[in-house]
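One-letter residues, chain by chain:
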Amino acid sequence: MTSDAPERPADVRRVPLRRLGALVDGRVRDLQGRYRRNQPTGVSDLAALRRASTAAPGSDPRVWEMTVAGLDVPAGTSDEPTDDERAVHAALTLYAIHQQSQTASMHHAGYGLGRSVRALVQPDRSNEKAVRRRFEALGTASTFVELMDHARGLVRQLRSAAVPLDYGRLADDLAALQDPATAAGVRLRWGREYHRARPADAAGATSAAQTEPPTDLEENA
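A brief report on the enclosed structure follows. It should be emphasised that the depicted structure is a prediction, and the values quoted were computed from it without experimental measurement. (Residues numbered from 1 in each chain as written. Predicted model: local features only at pLDDT ≥ 70, side-chain atom pairs only at ≥ 80, totals over all residues. Heavy atoms only, no water.)

## A look at helix H1 (residues 19–36)
With 18 residues, H1 should reach 26 Å at 1.5 Å per residue; the first-to-last C-alpha distance of 26 Å fits that figure. Along H1, the residues that are buried comprise Leu20, Gly21, Leu23, Val24, Asp25, Val28, Leu31, Gln32, Gly33, Arg34 and Tyr35. With its phi angle positive at about 60 degrees, Asn38 sits one or two positions after the end of H1. (Helix = DSSP H or I, 4+ residues; strand = E, 2+ residues; numbered from the N terminus. Expected span 1.5 Å × (residues − 1). Buried < 20%, exposed > 50% of the residue type's maximum accessible area, 1.4 Å probe, protein only.)

## Digging into the pattern of salt bridges
One pass over the full model with this rule turns up 13 salt bridges. Here Asp149 ties to Arg152 by a salt bridge, and the two come within 2.6 Å at their closest N and O atoms. Pair noted here: Asp149 and Arg152 are both in helix H7 (residues 144–161), with a separation of three residues, about one helical turn. What makes Arg152 buried here is its relative accessible area of 9%. Among the ionic pairs, Asp173 bridges to Arg169, the shortest N-O distance being 3.3 Å. On the criterion of helical spacing, the pair formed by Asp173 and Arg169 is a turn pair, its members being four residues apart in helix H8 (residues 167–177). Residue classification places Arg169 among the buried residues on the basis of a relative accessible area of 8%. (Salt bridge = Lys/Arg side-chain N within 4 Å of Asp/Glu carboxyl O.)

## A few points about the packing of H8 against helix H9 (residues 183–196)
Interaxial distance between H8 and H9 falls to 7 Å at its minimum, and their mutual angle equals 140 degrees. Considered as vectors, H8 and H9 are oriented oblique to each other. Where H8 crosses over H9, the handedness of that crossing is left-handed. Across from Arg169, Asp173, Ala176 and Leu177 in H8, the residues of H9 making contact are Ala183, Val186, Arg187, Arg189 and Trp190. For the contact of H8 with H9, the residue count by class is five nonpolar, no polar and four charged. (Axes fitted to C-alpha atoms, helices over the stretch in contact; angles between N-to-C directions. Parallel < 35°, antiparallel > 145°, perpendicular 65-115°, else oblique. Left-handed = near helix turned anticlockwise from the far one by under 90°. Contact = heavy atoms within 4.5 Å. Nonpolar A, V, L, I, M, F, W, Y, C, P; charged D, E, K, R; others polar.)

## A closer look at the nonpolar core
Among the nonpolar cores identified, the biggest contains 51 residues, and Leu49, Leu113 and Tyr167 are the most heavily contacted of them. Mapped by element, the contributors of at least two residues to this core are H1, helix H2 (40–51), helix H4 (83–99), helix H5 (113–118), helix H6 (128–139), H7, H8 and H9. Among the elements that make up this core, the one with the highest residue count is H4 (nine residues). With residues near it in sequence (within four places) discarded, Leu49 still touches Leu31, Val63, Met66, Thr67, Leu92, Thr93 and Ala96. (Core = buried A, V, L, I, M, F, W, Y, C linked by side-chain atoms within 4.5 Å.)

## Examining the packing of H1 against H8
Packing of H1 against H8 leaves a shortest axis separation of 7 Å and a crossing angle of 145 degrees. Note that H1 runs across H8; the crossing there is right-handed. When H1 is examined against H8, the residues Leu20, Gly21, Val24, Asp25 and Val28 are found in contact with a partner set consisting of Tyr167, Gly168, Ala171, Asp172 and Ala175. Residues belonging to the contact of H1 with H8 are distributed by class as follows: six nonpolar, two polar and two charged.

Okay, structure coming up:
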């Protein structure tokens, strides 16, 4: 079968997903398919995730099945959320904010955070300083709560511009960002993505979101 997927620009580098990112990718695709088919469960699940976006991971029973189930939490782990639990909760609730009222798919594999944020910059670069300031604030946040405050603001901007984001990759990045041994690598990749992107990315990202092929669930509906 011939795919109608948009051609991926040469400067989009896909990084293999970890098990965590693959889990989030699958759940977001399921949510996205149900929401775009206007199924009641898709609409209600996204609404529940949006309501939980400022809550601590695991504190809202309505989203346990989406944000807690399937994660490997060793016996004897404290009652504080693990790095993976924070990352999954963050990625799924941010996706719910991003997809709200959008007919196109806002989860798109291959669109790392740096690339998508770069697409917010206007062709005349008049807003670049403001975009970069918020992006840098996210990257230098001293706590996960502070990081999420900046992330929600960026995601709302991405939604307004109809620019997609890879939420499986974001989950992996957010998990790695909490580990001092891997945090610098995540920030470096975000910076490379942002500065590698081309001025025409805003139009290209919007086109990709609008022409993304249906998920397996949509094809089989």
